[in-house]
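# Working through the structure, step by step
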Amino acid sequence: MNRRSPAKQIEHILSVLNGRSIVLIGLMGAGKTTVGRRIAQRLELPFADADNEIEKAADKTIPELFEDYGEQHFRDGERRVIARLLRSGQQVIATGGGAYMNAETRRNIREAAIAVWLRADLDLLMKRVRRRSHRPLLKTPDPESVMKRLMAERYPVYAEADVTVDSRDVAHNVVVSDVIDALANLDTTSKCTT
Ligand code: S3P
């Protein structure tokens, strides 16, 4: 339970960050972009969506990048774009679901940011991703089994994040407040799970 006023919470978070960025990680459908954008608004920090930045840099959509050059090419671009964002001043960065699986990206994030994992269960992720069909990894006859496999592979790695917040089936603003509370409970050394 956090008893500070909202203004004091923000002040505390900015002092703990001490110039570092916040990086949202988690699976497709966890809400990284929406939640990240709103956290940035609350902290009055710039916001960047890494997938968007990759698309801008390549002048192609992510489905086009996968289609034209393959996943590995996309991953190389993803690693470079996130490294660049992390060198570009304090901000809130939403990453694509696979970004944190890269060891160099994890190291860069550890050095320049606080990582926040938006953890979600299978039902919520599937409910969210079913609404949109642009994700190359889920364009298969059985997206649910892909999602299960990705959860098994990635959740142990996502667990390295500094902060873990459950992305529940509630309004995004509730999750935003949960993230703010979790960040406000952070001291400079500890991990935090809500
Ligand atoms: C991916 C997630 C996507 C996007 C790409 C690959 C992944 O981003 O980067 O389709 O490997 O999980 P979102 O997590 O924002 O959907």
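What this report covers is the structure whose coordinates are included nearby. Being a predicted model, the structure only gives us computed values, none of them experimental.

### Quick notes on the overall build of the chain
Looking only at helices and strands, one finds nine helices and six strands in the chain. Taken over 194 residues, the chain has a buried fraction of 47%. The long-range share in the chain, meaning contacts at least 24 apart out of those at least 6 apart in sequence, stands at 74%. For the chain, the computed accessible surface area is about 9700 Å², with 47% contributed by carbon and sulfur atoms. Charge-centre separation for the chain: the mean point of 31 positive side chains lies 3 Å from the mean point of 27 negative side chains.

### Section: the site of the ligand
The environment of the ligand is made up of 13 residues, and the closest members are Lys32, Asp51, Arg75, Arg135 and Arg154. For the ligand, an oxygen atom lies 2.7 Å from a polar atom in the side chain of Asp51. In this structure, Arg135 approaches the ligand through a side-chain N or O atom, which is 2.6 Å from an oxygen atom. Protein coverage of the free-state accessible area of the ligand, which is 380 Å², stands at 94%. Residue composition of the shell around the ligand, grouped by class: five nonpolar, three polar and five charged.

### A word on the pattern of salt bridges
According to the stated counting rule, one finds 15 salt bridges in the structure shown. Glu144 is paired through a salt bridge with Arg130; the nearest N and O atoms lie 3.8 Å apart. Placement of the pair is Glu144 in helix 8 (residues 143-158) and Arg130 in helix 7 (residues 122-130), with a sequence separation of 14 residues. The class of Glu144 is partly exposed, set by a relative accessible area of 30%.

### What about the packing of helix 3 (residues 50-58) against helix 5 (residues 71-86)?
Direction vectors running N to C along helix 3 and helix 5 enclose 110 degrees, while the axes themselves pass 9 Å from each other. The angle between helix 3 and helix 5 places the two elements in the roughly perpendicular class. Taking contact as the criterion, the partners of Ala50, Asp51, Glu53 and Ile54 in helix 3 are, on helix 5, Phe74, Gly77, Glu78, Val81, Ile82, Arg84 and Leu85. In terms of residue class, the contact of helix 3 with helix 5 is built from six nonpolar, one polar and four charged.

### Quick notes on the nonpolar core
In terms of nonpolar packing, the biggest core is built from 63 residues, with Ile22, Ile39, Met147, Val179 and Leu183 touching the most fellow members. Residue contacts for Ile39: discarding those within four places in its chain leaves Ile22, Val92, Val176, Val179 and Ile180.

### Focus: unusual backbone geometry
Look at Asn18: it is not a glycine, yet its phi comes out positive at around 50 degrees. Here Asn18 shows up in the loop between helix 1 (6-17) and strand 1 (21-25). Residue Glu44 is not a glycine yet carries a positive backbone phi of 55 degrees. With respect to the element layout, Glu44 can be found in the loop between helix 2 (32-43) and strand 2 (47-49). Here Glu44 falls in the exposed class, since its relative accessible area comes to 72%.

### Some thoughts on the packing of aromatic side chains
Under the defined criterion, the tally for this structure stands at four aromatic pairs. Summarising the aromatic geometry, the rings of Tyr155 and Tyr158 are spaced 5.7 Å apart at their centres and angled 45 degrees between planes, so their arrangement reads as tilted. Here Tyr158 and Tyr155 lie together in helix 8, a separation of three residues that amounts to about one turn. Assigned by exposure class, Tyr155 and Tyr158 land together as buried. One cation-aromatic arrangement involves Arg119 over Trp117; the distance from NZ or CZ to the ring centre is 5.5 Å.

### Examining the packing of helix 5 against helix 6 (residues 103-112)
Following both chains from N to C, one finds helix 5 and helix 6 inclined at 10 degrees, their axes separated by 10 Å at the closest point. By the angle between their directions, the pair helix 5 and helix 6 is classed as roughly parallel. From helix 5, Arg79, Ile82, Ala83 and Leu86 reach across to helix 6, where they touch Glu104, Thr105, Asn108, Ile109 and Ala112. For the contact of helix 5 with helix 6, the per-class residue count stands at five nonpolar, two polar and two charged.

About the cut-offs
- Residues numbered from 1 in each chain as written.
- Predicted model: local features only at pLDDT ≥ 70, side-chain atom pairs only at ≥ 80, totals over all residues.
- Heavy atoms only, no water.
- Helix = DSSP H or I, 4+ residues; strand = E, 2+ residues; numbered from the N terminus.
- Buried < 20%, exposed > 50% of the residue type's maximum accessible area, 1.4 Å probe, protein only.
- Contact = heavy atoms within 4.5 Å.
- Areas by Shrake-Rupley, 256 points an atom, 1.4 Å probe, with all protein chains shown as cover.
- Lys, Arg positive; Asp, Glu negative; His and termini not counted.
- Charge placed at Lys NZ, Arg CZ, Asp CG, Glu CD.
- Near = heavy atom within 4 Å.
- Polar contact = N/O pair within 3.5 Å; in protein donor to acceptor, adjacent residues only side chain to side chain.
- Nonpolar A, V, L, I, M, F, W, Y, C, P; charged D, E, K, R; others polar.
- Salt bridge = Lys/Arg side-chain N within 4 Å of Asp/Glu carboxyl O.
- Axes fitted to C-alpha atoms, helices over the stretch in contact; angles between N-to-C directions.
- Parallel < 35°, antiparallel > 145°, perpendicular 65-115°, else oblique.
- Core = buried A, V, L, I, M, F, W, Y, C linked by side-chain atoms within 4.5 Å.
- Phe/Tyr/Trp six-rings, centres within 6.5 Å; stacked < 30°, edge-to-face > 60°.
- Lys NZ or Arg CZ within 6 Å of the ring centre and 35° of its normal.

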